[in-house]
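Here are the chains, one letter per residue:
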2 protein chains.
Amino acid sequence: MSLKIALLGFGTVASGIPFLLEENGKKMTAALGTDIQISKVLVRDENEKQRLLDKGYHYDFVTSIDAIVSDPDCQIVVELMGRIEPAKTFILKALEAGKHVVTANKDLIALHGSEIRGFAEARNQAFYYEAAVAGGIPILRTLANSFTSDKITRVLGVLNGTSNYMMTKMVEEGWSYEEALSKAQALGYAESDPTNDVEGIDAAYKVAILSQFAFGTTIDFEEVRHQGISTITPDDVALAQQLGYVVKLIGSVEEKESGISAEVSPTFIPKEHPLASVNGVMNAVFVESIGIGQAMFYGPGAGQKPTATSVMADIIRIGRRLKDKTVGKPFNEFKREARLADKSDRTSHYYFAIETPDQKGQLLRLASIFNDQEVSFQQILQQKANAGRARLVIITHMMNQIQLDNLLQALADDQEFKLLNVFKVLGE
Amino acid sequence: MSLKIALLGFGTVASGIPFLLEENGKKMTAALGTDIQISKVLVRDENEKQRLLDKGYHYDFVTSIDAIVSDPDCQIVVELMGRIEPAKTFILKALEAGKHVVTANKDLIALHGSEIRGFAEARNQAFYYEAAVAGGIPILRTLANSFTSDKITRVLGVLNGTSNYMMTKMVEEGWSYEEALSKAQALGYAESDPTNDVEGIDAAYKVAILSQFAFGTTIDFEEVRHQGISTITPDDVALAQQLGYVVKLIGSVEEKESGISAEVSPTFIPKEHPLASVNGVMNAVFVESIGIGQAMFYGPGAGQKPTATSVMADIIRIGRRLKDKTVGKPFNEFKREARLADKSDRTSHYYFAIETPDQKGQLLRLASIFNDQEVSFQQILQQKANAGRARLVIITHMMNQIQLDNLLQALADDQEFKLLNVFKVLGE
């Protein structure tokens, strides 16, 4: 008997599924011992149905979720509509009706994942979402399976393809942020409202999900301090290069003495670090642990075929577990109590770019502001003044977020110093 | 009830297992619902036993395999002795006695894997060996699970840490092969007889194993054409850089029209390719497929803790499958008939370095030898003559192995041309 799936939505990712069934059906059928069939497809309205029929898609298109949840043949519901509603309601309905669910919806998982997971687990049903983080990279299943024997200490990721494309062009071609954004929009990598991508929100969603798999800890999206790339200037990019770094938007989750710290920030990455050569729309997740030490998982972060492939891997996984009668096991079995790290325990090196009037004694005065917070300098650079304004660039030794917040306040209170940017710096 | 394991051998890797049990026991116990205990350890003789007891290891050391296979409490036998015998005999004895088996022994898997797998599968017992390829990188399980939905077209890997360390130093520091080898030996990366590492034999073992997981196809080690790094000179390394490449020892398996082609060869990798920045003793496996497109898995290729972590992941996997009553499933369920690719179908770009007397018309004569095989040039470079000898460097367009073998013969037959080196070149 075929494994029957229903698709909610038939946009870019969903239309990658017929491609895989066509091109790779034999391997999937061998793996499952049965073939996979698309039993029904939920579309918005009759117009969309007609448009898809005209395109040659001969599925059973329906316009109501009830037609799917009441279909006894359908075993797995695949949600590919995106956004929160009606996706969330439809998923809960499907679970309630006894269907297993696969989704690629990271916003939904990050914001309502706990609730939906609880609902699914209470019913012994599968709820999988490999494609929600780093699209084509099988990172969630790898963390859930292969890292069981290891204790992860930190995860660092290039998790947003749009902003990484933009940063790559800013680094390699010297483009400004505005140039990079308009090119990304022209190529379809960035939406007309790019906020989620460029302000680190999308990456923060993924960081929240990674935290569950890497540390067994559910973090609310609101707990992920995030900063985007929109303030990065060609000067910052050039300075990074001069000092031996590449600037990337990095999502990080790490376990500190006092708890878990999760954050998204533009970060100076040493040129020789594997994350420094992750370019264009590619994503990568770098895992530090007590056993393996360092590992990196690299691949496309989005796109029709990569995302559809991850979704299909989840579907096959459910099919195999149905056969093995182990389908009730949660996607991620690693769960433990862990609190969030204290601010005093969230440490990093930082880069500060500060503008000041070009007059005597400013460097000394700035050094004294940092010294008041017991923050010391690892590198300092004063650039030639331009129109009476000098630029001071500092890379600090390790400091914590209390020191950071105090420094930001002290600089804001100062009449003469203008803080241009502050980013994290990866280092020992 | 504890999950009881027995270790065969207590060398470097094995002693990483107590480390993981100590430092990560809580997570593993949560994953299994039970703790893991080392029931017995097989050592060579009473001397080794005494030495380990003196070191503070208080296990039940035994000197006969029978003490382990006859122990009804022991569920999993972990073979960490290396080499072929007595490892093979002991593994078969353990399987025969109803024990599940985990090993990190790539030589054994590459040479006798089919036989042992068949023996285990006939008895519905687990035989896992994640650590046999790319030590700390969970690549086999990822290929077996996450790539089920995808069709892999090519796998390229930096699979031998010793030779990659040497190549990295030859590229970055300009060391000769001999300097790199003696340094690798001094650091303990290379053995006193380095043949397996530097001649591509170790990488060829891993290529044979990767072929099963990526293509479902068992390839005999003898079918993996392999060439090592011992003939690479500083001139080759400098030329690669000049032409925009980095030289690496690359293992490859790909599916061609006519079948599977597996090979190990020094290869020119374009500088911007992700494999080009895999340095030192690190390994990486680059996977090309119709769904995900391109993905790379990077991590340590060997070492006590990474290898022990992979071994322990296998042990936990068996423990979980025992609980789920699915332990009889083979490590890799992807199997299909596939023949080896014809030589005419095994295509690549190639690099030729050829020495010739510095006299008129030699380039023309060489071009005509290549032309006779219908091989055309993509790049050609003539270096300044030294002591009456000139050096010609060619990068060819795509050519196949029949053309390659014919060219090698034609150059060997020629009195004046001396073939210094021929390597593969990665390109479209």
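Residues numbered from 1 in each chain as written. Chains lettered and ligands numbered in written order. Predicted model: local features only at pLDDT ≥ 70, side-chain atom pairs only at ≥ 80, totals over all residues. Heavy atoms only, no water.

### Things to note about the overall build of chain A
In terms of regular secondary structure, chain A is built from 14 helices and 17 strands. The globule rule puts the C-alpha radius of gyration for 428 residues at 22 Å, and the 24 Å found for chain A is close to it. Within chain A, buried positions represent 60% of all 428 residues. Counted over contacts in chain A with a minimum sequence separation of 6, partners at least 24 positions apart contribute 74%. Just so you have it, chain A exposes about 16600 Å², and 47% of that area is on carbon and sulfur atoms. Here chain A holds 44 positive side-chain charges and 54 negative ones, and the gap between their average locations is 5 Å. (Helix = DSSP H or I, 4+ residues; strand = E, 2+ residues; numbered from the N terminus. Rg over C-alpha atoms; globule rule 2.2 N^0.38 Å. Buried < 20%, exposed > 50% of the residue type's maximum accessible area, 1.4 Å probe, protein only. Contact = heavy atoms within 4.5 Å. Areas by Shrake-Rupley, 256 points an atom, 1.4 Å probe, with all protein chains shown as cover. Lys, Arg positive; Asp, Glu negative; His and termini not counted. Charge placed at Lys NZ, Arg CZ, Asp CG, Glu CD.)

### A short note on the packing of aromatic side chains
The tally for this structure, following the rule as stated, stands at 39 aromatic pairs over all chains. With a centroid separation of 5.1 Å and an interplanar angle of 35°, the aromatic rings of Tyr128 of chain A and Phe331 of chain A are classed as tilted. Linking Tyr128 of chain A in strand 6 (residues 127-128) with Phe331 of chain A in the loop between helix 12 (304-324) and strand 13 (347-357), this pair joins segments that are 203 residues apart in sequence. You can call Phe331 of chain A buried: its relative accessible area is 10%. The structure contains a cluster of three or more aromatic residues connected by ring pairs, namely Phe127, Tyr128, Tyr129, Phe213 and Phe331 of chain A. Arg141 of chain B extends its terminal NZ or CZ atom over the ring of Tyr128 of chain B, reaching a point 5.5 Å from the ring centre. (Phe/Tyr/Trp six-rings, centres within 6.5 Å; stacked < 30°, edge-to-face > 60°. Lys NZ or Arg CZ within 6 Å of the ring centre and 35° of its normal.)

### With respect to the sheet that holds strand 1 (residues 3-8) of chain B
All names here are of chain B. The strand order 3-2-1-4-5-6 describes an open sheet built from six strands, whose pairing is parallel. Only two strands of the sheet have a single neighbouring strand rather than two, namely strand 3 (61-62) and strand 6 (127-128). Relative to strand 2 (residues 36-42), strand 1 runs parallel, the two sharing six bridges. Bridging from a neighbouring strand, Leu7 pairs with Val41 of strand 2. Contacting strand 1, strand 2, strand 4 (76-79), strand 5 (100-103) and strand 6, helix 4 (residues 87-96) crosses the sheet at an angle of about 155° to strand 5. (Pairing = 2+ DSSP bridges. Axes fitted to C-alpha atoms, helices over the stretch in contact; angles between N-to-C directions.)

### Some details on the side chain of Thr142 of chain B
Along the chain, Thr142 of chain B turns up in helix 6 (residues 139-145). Apart from the residues within four sequence positions on either side, Thr142 of chain B is in contact with Pro138 and Thr142 of chain A together with Phe147 and Phe297 of chain B.

### As for helix 4 (residues 87-96) of chain A
It helps to recall that an α-helix has 3.6 residues per turn; residues three or four apart then point in one direction. Residue and element names in this part refer to chain A. Summarising burial for helix 4: seven of the 10 residues are buried, a large majority. The set of residues buried in helix 4 consists of Ala87, Lys88, Phe90, Ile91, Leu92, Ala94 and Leu95. Residue Gly98 follows helix 4 closely and has a positive phi angle near 90°.

### Observations regarding the UniProt feature "binding site: L-homoserine" (unreviewed entry) in chain A
Residues and elements named next belong to chain A. Listed under "binding site: L-homoserine" (unreviewed entry) in the UniProt record, and renumbered for this structure, are Glu191. For Glu191, the location among the structural elements is in the loop between helix 8 (177-186) and helix 9 (195-198). By relative accessible area, which is 51% here, Glu191 ends up exposed. Apart from residues lying up to four places away in sequence, Glu191 is in contact with Arg83 and Gln185. (UniProt positions renumbered as here; feature names shortened; annotations may be inferred.)

### Side note on the pairing of strand 17 (residues 418-425) of chain A
Residues and elements named next belong to chain A. In this structure, strand 10 (residues 259-270) lies alongside strand 17, joined through two bridges in parallel fashion. Residue pairing for strand 17: Phe268 is matched across the bridge by Val425. Note: strand 13 against strand 17, seven bridges, orientation antiparallel. When the bridges of strand 17 are listed, Tyr350 appears paired with Lys424.

### Topic: the environment of Asn145 of chain A
Along the chain, Asn145 of chain A turns up in helix 6 (residues 139-145). Judged by its relative accessible area of 12%, Asn145 of chain A is buried. A sequence separation of 68 residues divides Asn145 of chain A from Phe213 of chain A, and the C-alpha atoms of the two residues are 9.7 Å apart. Those residues within four positions of Asn145 of chain A in sequence are excluded, and the remaining contacts are Arg317 of chain A together with Asn145, Arg317 and Arg320 of chain B.

### What about the relation of the copies chain A and chain B?
Once chain A has been moved 0.0 Å along the axis and rotated by 180°, it coincides with chain B to within an RMSD of 0.1 Å. Considering both components of the superposition, the chain copies are consistent with a two-fold axis. In terms of C-alpha distance to the rotation axis, chain A has Phe297 of chain A as its closest residue, with the C-alpha 2.4 Å off the axis. When the interface residues of chain A are mapped onto chain B, 100% of them again fall at the interface, so both copies present the same face. (Least-squares fit on C-alpha atoms with pLDDT ≥ 70 in both.)

### Quick notes on the packing of helix 13 (residues 362-372) of chain B against helix 14 (residues 401-413) of chain B
All names here are of chain B. Running from N to C, helix 13 and helix 14 point in directions that differ by 145°, and their axes come no closer than 9 Å. Crossing of helix 13 over helix 14 shows right-handed handedness. On the side of helix 13, the interface is formed by Leu366, Ile369 and Phe370, while helix 14 contributes Leu407, Ala410 and Leu411. (Left-handed = near helix turned anticlockwise from the far one by under 90°.)

### Focus on the interface of chain A and chain B
With 47 residues of chain A at the interface, the matching set in chain B holds 47 residues. Here chain A packs against chain B, burying approximately 4100 Å² in sum over the two surfaces, 56% of which is carbon and sulfur. On the surface where chain A and chain B come into contact, there are four salt bridges. Here Lys329 of chain A and Asp324 of chain B are joined by a salt bridge, their closest N and O atoms 2.6 Å apart. Summed over the shared surface of chain A and chain B, the result is 19 residue pairs in polar contact (both at pLDDT 80 or more). If you list the elements that add at least two residues to the side of chain A that touches chain B, you get helix 1 (16-32), helix 6, strand 11 (282-289), strand 12 (294-300) and helix 12 of chain A. The residue makeup of the side of chain A that touches chain B, split by class, is 23 nonpolar, 13 polar and 11 charged. Bridge count between strand 12 of chain A and strand 12 (residues 294-300) of chain B: three bridges; the pairing is antiparallel. Opposite Phe297 of chain A, over in strand 12 of chain B, you have Phe297 of chain B as the bridge partner. (Buried area = accessible area lost by both parts, 1.4 Å probe. Salt bridge = Lys/Arg side-chain N within 4 Å of Asp/Glu carboxyl O. Polar contact = N/O pair within 3.5 Å; in protein donor to acceptor, adjacent residues only side chain to side chain. Nonpolar A, V, L, I, M, F, W, Y, C, P; charged D, E, K, R; others polar.)

### Observations concerning the confidence of the model for chain A
With 100% of its residues at a pLDDT of at least 70, chain A reaches an overall mean of 94. Both scores are given for the predicted complex: the pTM is 0.96, the ipTM 0.95. (pLDDT = per-residue confidence, 0-100.)

### Some details on the pattern of salt bridges
Residues and elements named next belong to chain B. What the rule picks out here adds up to 52 salt bridges over all chains. We note a salt bridge from Asp235 to Arg391, for which the minimum N-O separation is 3.0 Å. Of this pair, Asp235 sits in helix 11 (residues 234-242) while Arg391 sits in strand 15 (residues 389-396), placing them 156 residues apart in sequence. Taking the relative accessible area as the measure of exposure, Asp235 reaches 41% and is therefore partly exposed.

### Quick word on the packing of helix 1 of chain A against helix 12 of chain A
All names here are of chain A. Following both chains from N to C, one finds helix 1 and helix 12 inclined at 30°, their axes separated by 11 Å at the closest point. Judged by the sense of rotation from one axis to the other, the crossing of helix 1 with helix 12 is right-handed. Contacts between helix 1 and helix 12 involve Gly16, Ile17, Phe19, Leu20, Leu21, Met28, Ala31 and Leu32 on the former and, on the latter, Gln304, Lys305, Ala308, Thr309, Val311, Met312, Ile316, Gly319, Arg320 and Lys323.

### Comments concerning the domain arrangement of chain A
Residue and element names in this part refer to chain A. Domain boundaries in chain A define domain 1 (3-135 + 304-324), domain 2 (139-300) and domain 3 (347-425). Averaged C-alpha coordinates put domain 1 and domain 2 at centres separated by 28 Å. Each partner contributes residues to the interface: domain 1 has 19 residues there, and domain 2 has 18 residues. Overall, the association of domain 1 and domain 2 removes approximately 1500 Å² of surface from exposure, summing both partners, and the carbon and sulfur fraction of that is 61%. Of all residues in domain 1, the largest losses of buried area upon contact with domain 2 belong to Glu130, Val133 and Ala134, amounting jointly to 35% of the total for that side. Applying the counting rule to domain 1 against domain 2 returns two salt bridges. For Asp202, the salt bridge identified is with Lys106, shortest N-O distance 3.4 Å. At the junction of domain 1 and domain 2, the tally comes to six residue pairs in polar contact (both at pLDDT 80 or more). Where the side of domain 1 that touches domain 2 is concerned, the elements lending two or more residues are helix 5 (106-122) and helix 12. With seven residues, the top contributor of residues to the side of domain 1 that touches domain 2 is helix 5. (Domains from an automatic or database assignment.)

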